[in-house]
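Chain residues, written in single-letter form:
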Amino acid sequence: PPVYGRCCEQRLFNRPVHMQLGPAILARIAGVPLLPVSCSRDSKGFKVSLGQQIEPGDPQETTGRLTGTLQKLLEKKPEQWRFLQRLPEFARQRS
């Protein structure tokens, strides 16, 4: 939703979603890569995983690569993702 900052349309599980451009814009301004991080939980506790660095460039392209990484993480452990509770907000068509 627009209240979360400037967005661009991306594809997540072959559906349109609106993703924030902020992380990509900040990474480009700072000249630093984005580092996807995920946290999951099992019977032994929490596990933090680091993804591949995403070098900044065009904010929409960078956000597209970040969205692709998000999809891969969602596919691995979908039951762990709280983002899924809010996914309908991001999947709605912008008016």
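Structure's up top.
To start, this report covers the structure provided alongside it. Quantities reported herein were computed from a predicted structural model and do not represent experimental measurements.

**Here's the deal with the side chain of T67**
As for its position among the elements, T67 is in helix α2 (residues 59–76). T67 sits in the buried class, given a relative accessible area of 2%. For T67, the contacting residues outside a window of four places in its chain are Q10, R11, L12 and M19.

**A word on the packing of helix α1 (residues 22–30) against α2**
It is at 8 Å that the axes of α1 and α2 come closest, and there the two elements cross at 120 degrees. As the angle between them shows, α1 and α2 are arranged oblique. Judged by the sense of rotation from one axis to the other, the crossing of α1 with α2 is right-handed. Here A24, I25 and R28 of α1 lie close against α2, whose contacting residues are P59, T62 and T63.

**Looking at the pairing of strand β3 (residues 37–42)**
The pairing of β3 with strand β4 (residues 45–50) spans 6 bridges and is classified as antiparallel. Looking across to β4, one finds that S38 is bridged to S49. The antiparallel hairpin formed by β3 and β4 contains 2 residues in its connecting segment.

**Describing unusual backbone geometry**
In the Ramachandran plot, F13 falls in the positive-phi region, its phi being about 55 degrees despite a non-glycine side chain. Mapped onto the fold, F13 is located in the loop between β1 (7–12) and β2 (15–20). Not every positive phi belongs to a glycine, and N14 is a case in point at roughly 65 degrees. Mapped onto the elements of the fold, N14 is located in the loop between β1 and β2.

**Side note on the nonpolar core**
Core analysis: the largest hydrophobic core is formed by 5 residues, namely L12, V17, M19, L70 and L74. Of all elements in the fold, only β2 and α2 reach the threshold of two or more residues within this core.

**A few points about the state of the cysteines**
Here the structure, examined in full by the defined rule, presents 0 disulfides. Lacking any disulfide linkage, C7 is separated from the closest cysteine sulfur, that of C8, by 7.5 Å.

**With respect to the side chain of T62**
Among the secondary structure elements, T62 is positioned in helix α2. Setting aside chain neighbours within four positions, we find T62 in contact with A24, L34, I54, E55, P56 and G57.

**Quick look at α2**
In a regular helix each residue adds 1.5 Å, so 18 residues correspond to 26 Å; α2 covers 26 Å between its end C-alpha atoms and thus fits that length. Looking at the buried positions of α2, the neighbouring elements they touch are β1, β2 and α1. Looking at where α2 begins, the residue whose side-chain oxygen comes 3.1 Å from the main-chain nitrogen of Q60 is D58.

Calculation notes
Residues numbered from 1 in each chain as written. Predicted model: local features only at pLDDT ≥ 70, side-chain atom pairs only at ≥ 80, totals over all residues. Heavy atoms only, no water. Helix = DSSP H or I, 4+ residues; strand = E, 2+ residues; numbered from the N terminus. Buried < 20%, exposed > 50% of the residue type's maximum accessible area, 1.4 Å probe, protein only. Contact = heavy atoms within 4.5 Å. Axes fitted to C-alpha atoms, helices over the stretch in contact; angles between N-to-C directions. Parallel < 35°, antiparallel > 145°, perpendicular 65-115°, else oblique. Left-handed = near helix turned anticlockwise from the far one by under 90°. Pairing = 2+ DSSP bridges. Core = buried A, V, L, I, M, F, W, Y, C linked by side-chain atoms within 4.5 Å. Disulfide = S-S within 2.5 Å. Expected span 1.5 Å × (residues − 1). Polar contact = N/O pair within 3.5 Å; in protein donor to acceptor, adjacent residues only side chain to side chain.

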